[in-house]
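Given next are the chains, with one letter for each unit.
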Amino acid sequence: ATQGWLLSAGSTTAAQAQMQVGDGTNGTTAVSASRTSGALSIVTAVRDTSADTVRTFLGNTGGTAVTDATTATSANTEVLRVGRLSGAGTGYSDFEVIAAAVWRRALNANEIATIVARYT
């Protein structure tokens, strides 16, 4: 697993959004439902350290929460990447980013719904 955080098109199904978290030894990948080509999609990635899970949302619909397999610190040498795989320099996504934001805590479903309503 590479180090870092990323939000990009899915590695297996490009229409899905994926979030990956890696500590250099272990990695976790969570995917969303498939996006509709040409339509505005609000994609949210949540790493919940309290529940020890990683999850993506497409609009207000949450994907399956995946257990976070990383064991090392989240402070690593890689940056947050939006639109390509972390460390690999591949997996570029074909989309336009309208806005991006990072919070220091996991957002809840109501907060995600507020963001989705704002942009749709």
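In this report, we go over the structure that sits alongside the text. Please read all numbers here as calculations on a predicted model, not as lab measurements.

Let's talk about the overall build of the protein
Next, step 1: Scanning the protein from N- to C-terminus turns up one helix and eight strands.
Next, step 2: Each helix and strand of the protein, placed in order from N terminus to C terminus, yields the pattern β-β-β-β-β-β-β-β-α.
Next, step 3: Residue burial in the protein is summarised as follows: out of 120 residues, 31% are buried.
Next, step 4: Long-range pairs, those at least 24 residues apart, make up 48% of the contacts in the protein between residues at least 6 apart in sequence.
Next, step 5: As displayed, the protein has an accessible area near 7,100 Å², and 50% of this comes from carbon and sulfur atoms.

Some points on the pattern of salt bridges
Next, step 1: Counted under the stated rule, the structure contains two salt bridges.
Next, step 2: A salt bridge links Arg47 to Asp68, with the nearest nitrogen and oxygen atoms 2.5 Å apart. Placement of the pair is Arg47 in strand β4 (residues 43–48) and Asp68 in the loop between β7 (66–67) and β8 (80–82), with a sequence separation of 21 residues. This pair shows no difference in class: Arg47 is buried, exactly as Asp68 is.
Next, step 3: Note that Arg105 and Glu111 form a salt bridge whose closest N and O atoms lie 2.6 Å from each other.

With respect to the nonpolar core
Next, step 1: With six residues, the main nonpolar core is built from Ile42, Val46, Phe57, Leu107, Ile112 and Val116.
Next, step 2: For Ile112, the residues in contact, after removing those within four places along its chain, are Thr44, Val46, Phe57, Gly59, Asn60 and Leu107.

Describing the sheet that holds strand β1 (residues 3–9)
Next, step 1: The mixed open sheet is built from four strands, whose spatial order is β3-β2-β1-β8. Looking at strand neighbours, the two that pair on one side only are β3 (27–34) and β8, the edges of this open sheet. The average undirected angle you get between the axes of adjacent strands in this sheet is 10 degrees.
Next, step 2: In terms of strand pairing, strand β2 (residues 16–23) meets β3 through six bridges, oriented antiparallel. From the neighbouring strand, Gln20 faces β3, where its bridge partner is Thr29.

A short note on the packing of aromatic side chains
Next, step 1: This model, assessed by the stated rule, comprises zero aromatic pairs.
Next, step 2: Positioned above the aromatic ring of Tyr119, the side-chain terminus of Arg118 is 5.2 Å from the ring centre.

What counts, and where the lines are drawn
Residues numbered from 1 in each chain as written. Predicted model: local features only at pLDDT ≥ 70, side-chain atom pairs only at ≥ 80, totals over all residues. Heavy atoms only, no water. Helix = DSSP H or I, 4+ residues; strand = E, 2+ residues; numbered from the N terminus. Buried < 20%, exposed > 50% of the residue type's maximum accessible area, 1.4 Å probe, protein only. Contact = heavy atoms within 4.5 Å. Areas by Shrake-Rupley, 256 points an atom, 1.4 Å probe, with all protein chains shown as cover. Salt bridge = Lys/Arg side-chain N within 4 Å of Asp/Glu carboxyl O. Core = buried A, V, L, I, M, F, W, Y, C linked by side-chain atoms within 4.5 Å. Pairing = 2+ DSSP bridges. Axes fitted to C-alpha atoms, helices over the stretch in contact; angles between N-to-C directions. Phe/Tyr/Trp six-rings, centres within 6.5 Å; stacked < 30°, edge-to-face > 60°. Lys NZ or Arg CZ within 6 Å of the ring centre and 35° of its normal.

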